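The lines below spell out each chain.
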Amino acid sequence: MADITAAMVKDLREKSGAGMMDCKKALNETAGDMDAAMDWLRTKGLAAAAKKSSRTAAEGLVGVAVAGTRGAAVEVNSETDFVAKNAQFQDFVREVTQIALATGDSVDAIKAAAMPSGTSVADVLTNNIATIGENQSIRRARRLEVSQGAVVPYVHNAAVAGLGKIGVLVALESDAADDVLQALGKQIAMHIAAAFPLALNEADLDADMIERERAIATEKAAESGKPADIVAKMVEGAIAKYRKEHALVSQLFVIDGKTKISDVVAKAGKDAGTTIVLKDYVRFQLGEGIEKDQSDFAAEVAAASGVPQKPDTTTEA
């Protein structure tokens, strides 16, 4: 048997896009012949993952999970919504979310971690790409933790338990009873899913985003023809309004449309006879910010069939 080195496995992995263990097996099966190993992977459908990795993945699932006073949210993408209904993909997202509870926010750390089977997350992901037939990726992860209290999960329109298209976590720090925190956390999480805050507090809002809003407000106010000092006040008023509408604690509660979230939390604490602090939150919406490829599905099918297509001779009137 040929001596299979780590460098050979690495080289084959980079060329094929297949998992490390699959590359090692392929080299063992072919006595270290790189070309033959590539062919072996292709016959097993494993090398296909490399080509698929260039395709846009904007569908998939968001997973949320909690354990004690810790919670994690993960977004795993696929190319089509069909894959989100695949049990193999759902199990993968569920297990990766559990791993994020232990590893934290780093996608690289999650991919390097071992699945329950003992295989790394990265290798299982590569295998899933090959066997399911679509590009997939772990896009982002976030973990929240409080010293005491609760991290409350919520999935809007869940596909299955803990998995869906919008996942929310709410971190509440308090010594209040768990049932009180769970009820409050779920209401706030439902608000977050609907209202889409951009930060916890006004001070946390992205500075560049505020400057863009300021530029827009300045241009609009200038069109009014009012004196410069009035224009300046109009701009500051617009920015103050933007801050209040996009920071969670100052948003109006969607359930009654009049109470600030900070006041909702304060009242819940008063009713419970203790202090409740809204420490943080996470809101992951599937595919958020991903630019999807616009493609002609019929043309893709035709191209895959190998049948030559007639050129489009239609002209506009």
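Right above here is the structure, for reference.
The residue count restarts for each chain, going from 1 along the sequence in the order it is written. Per-residue local features of the predicted model are confined to residues with pLDDT of at least 70, and side-chain atom pairs are confined, for both listing and counting, to 80 or more; whole-chain, interface and lining totals are unaffected and use all residues. The basis for every side-chain value is the complete set of heavy atoms in the structure, and neither hydrogens nor water enter the calculation.

## Considering helix H11 (residues 228-246)
- Here a strand is any run of E in DSSP of at least two residues, a helix any run of H or I of at least four, and the numbering for each starts at the N terminus. By definition here, a helix of n residues has an expected span of 1.5 Å times n minus one. Helix length check: H11, at 19 residues, gives a terminal C-alpha distance of 27 Å against a target of 27 Å (1.5 Å per residue), a fit within 8%.
- The classification of residues rests on relative accessible area computed with a 1.4 Å probe and restricted to protein chains. Under 20% of the type maximum is buried, over 50% is exposed, and intermediate values are partly exposed. Looking at H11, one finds that the buried residues are Val231, Val235, Ile239 and Tyr242. Looking down the long axis of H11, one finds its buried residues gathered within 75° of arc, a one-sided arrangement.
- The contact criterion used is simple: two residues touch if any of their non-hydrogen atoms lie within 4.5 Å. On its buried side, H11 packs onto helix H10 (207-222). In this description, one arc is meant: the one made by directions from the helix axis to the C-beta atoms.

## Focus: the pattern of salt bridges
- Salt bridges are defined by distance alone: a side-chain nitrogen of Lys or Arg within 4 Å of a carboxyl oxygen of Asp or Glu. Taken as a whole, this structure holds 14 salt bridges when the rule is applied.
- Notably, a salt bridge pairs Glu288 with Arg140, separated by 3.4 Å at the nearest N-O pair. Of this pair, Glu288 sits in the loop between strand S7 (277-285) and helix H13 (297-305) while Arg140 sits in strand S3 (residues 136-145), and the two are 148 residues apart along the sequence.
- On the basis of relative accessibility, which here comes to 26%, the residue Glu288 falls in the partly exposed class.
- It is possible to trace a salt-bridge network through shared partners that takes in Glu75, Arg139, Arg140 and Glu288.

## Points about the packing of aromatic side chains
- Stacked, tilted and edge-to-face are the three classes assigned to paired rings of Phe, Tyr and Trp, where Trp is represented by its six-membered ring and a pair needs centres within 6.5 Å; plane angles under 30 degrees give stacked, over 60 edge-to-face, the rest tilted. This model, assessed by the stated rule, comprises zero aromatic pairs.
- By definition here, charges over rings are those cases where NZ of Lys or CZ of Arg is within 6 Å of the ring centre and within 35 degrees of the ring normal. Taking NZ or CZ as reference, Arg140 lies 4.1 Å from the ring centre of Phe284, over its face.
- Between Arg283 and the ring centre of Phe196, over which it is positioned, the NZ or CZ distance is 4.1 Å.

## Brief notes about the side chain of Asn77
- For Asn77, the location among the structural elements is in strand S2 (residues 70-78).
- The exposure class of Asn77 is buried, given its relative accessible area of 1%.
- Separated by 3.1 Å, the side chain of Asn77 and the backbone oxygen of Glu59 make a polar contact.
- For Asn77, the side chain forms a polar contact with the side chain of Glu75, separated by 2.8 Å. Here a polar contact is taken to be a pair of N or O atoms separated by no more than 3.5 Å, where protein atoms must pair a possible hydrogen donor with a possible acceptor and residues adjacent in sequence count only if both atoms sit in side chains.

## So, the sheet that holds strand S5 (residues 163-164)
- Two strands are said to pair when DSSP picks up at least two bridges between them. Pairing is antiparallel in the open sheet, where four strands are placed in the order S3-S2-S1-S5. Looking at the sheet topology across the chains shown, the edges are occupied by S3 and S5.
- The pairing of S2 with S3 spans nine bridges and is antiparallel. Of the residues in S3, the one forming a bridge with Ser78 is Gln136.
- Helix H6 (residues 87-103) rests against strand S1 (59-67), S2, S3 and S5 of the sheet, and its axis sits at about 140° to S2. To obtain each axis, a line is fitted to C-alpha atoms, and for helices this fit is confined to the stretch in contact; angles are then taken between N-to-C directions over 0 to 180 degrees.

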